[in-house]
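The lines below spell out each chain.
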Amino acid sequence: MTTIRAARTDDAEAIAAIYAHHVLHGTASFEEEPPTMLFWRDKLTAVLSKGWPFLVTELDGEVIGYAYATQFRDRPAYAHTCENSIYVHHQHLGKGIGRELLERLIGAARDAGFRQMIGVIGGGEPASVALHRTCGFGEAGRMRSVGFKFGQWLDTVYMQLSLIEKDLPNG
């Protein structure tokens, strides 16, 4: 059975390993070199210090996925809009872990004061687009051929979800 909990700085090594696999073998991230464990420790500290959500999923005490929300852009006008990031260990893909994480992250982001959540999906990854759509996100835009990785041009898909009930439904 999996459990979702708030991330801690001692999760940085597991998070770095999960992300490294996706950087080296996938197109969801346009990075080509995986960030270090120290980068992730600093990222965790920064996200948590602002009161923003950073969650991990554990299975038998092992971190097998993570998700976090950060302010979409640095400018003050974006203070109530967040961007999500979700990665699942490659051996646990397709088991509903991403959906559980995203659903929990949506509530945590709302509780942190965000009003809109943006998913920026590198490579236009069909599984990520489907995950976001299942959780109520609507496509907000597509930038075509903006990334080049593994010998191919890749799109970036923007998806958006209102975190407040009075906004119009996403579509």
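Note on numbering: residues in each chain are counted from 1, in written sequence order. Restriction of local features to residues with pLDDT of at least 70 applies here, the model being predicted, together with a cutoff of 80 or more for giving and counting side-chain atom pairs; totals for whole chains, interfaces and linings are based on all residues. Heavy atoms from the whole structure form the basis of all side-chain values; hydrogens and water molecules are not counted.

### A few points about helix α3 (residues 97-111)
- Taking 1.5 Å of rise per residue, 15 residues should cover 21 Å, and α3 covers 21 Å from first to last C-alpha, within 8% of that figure.
- Think of it in three bands: residues with accessible area under 20% of the maximum for their type are buried, residues over 50% are exposed, and the middle band is partly exposed, with areas taken using a 1.4 Å probe on protein chains only. Strands are runs of DSSP state E lasting at least two residues, helices are runs of H or I lasting at least four, and both sets are numbered from the N terminus onward. Within the span of α3, buried status applies to Ile97, Gly98, Leu101, Leu102, Leu105, Ile106 and Ala109. Angularly, the buried residues of α3 cover 160° about the axis, an arc narrow enough to put them on a single face.
- Count one or two residues on from α3 and you reach Gly113, which has phi positive near 100°. Expected span of a helix: the number of residues minus one, times 1.5 Å. Each C-beta atom gives one direction from the helix axis, and the arc is the one those directions make.

### Some points on the nonpolar core
- Throughout this description, the term nonpolar core refers to a set of buried Ala, Val, Leu, Ile, Met, Phe, Trp, Tyr and Cys residues connected via side-chain atoms within 4.5 Å. Trp40, Phe54, Tyr66 and Met117 are the most contacted members of the largest nonpolar core, which has 42 residues in total.
- By definition, residues are in contact when any of their heavy atoms lie within 4.5 Å. Aside from chain neighbours lying at most four places away, what touches Met117 is Ala69, Cys82, Asn84, Leu102, Leu105, Ile106, Ala109, Phe137, Met159, Gln160, Leu161 and Leu163.

### Regarding the side chain of Ser162
- Mapped onto the secondary structure, Ser162 falls in strand β7 (residues 152-162).
- Any pair of N or O atoms that falls within 3.5 Å is considered a polar contact. Within protein, one atom must be able to donate a hydrogen and the other to accept it, and sequence-neighbouring residues count only if both atoms are side-chain atoms. In this structure the side chain of Ser162 is engaged in a polar contact, spanning 2.9 Å, whose partner is the backbone oxygen of Ile164.

### Focus on the environment of Ser145
- Here Ser145 lies in strand β6 (residues 138-149).
- For the pair Ser145 and Val88, spaced 57 residues apart in the sequence, the C-alpha separation amounts to 25 Å.

### Let's talk about the sheet that holds β6
- In this scheme, strands are said to pair when DSSP sees at least two bridges between them. Spatial strand order, β1-β2-β3-β4-β5-β7-β6: seven strands in an open sheet with mixed pairing. The two strands at the open ends of the sheet, each matched to only one other strand, are β1 (2-6) and β6. Geometrically, the sheet is characterised by an average inter-axis angle of 25° between neighbouring strands, direction not taken into account.
- As paired strands, strand β3 (residues 62-71) and strand β4 (residues 81-88) are joined by seven bridges and run antiparallel to one another. Bridging across to β4, Tyr68 finds its partner in Ser85. Lines are fitted to the C-alpha atoms to define the axes, a helix being fitted only along its stretch in contact, and any angle between axes, read from their N-to-C directions, falls within 0 to 180 degrees.

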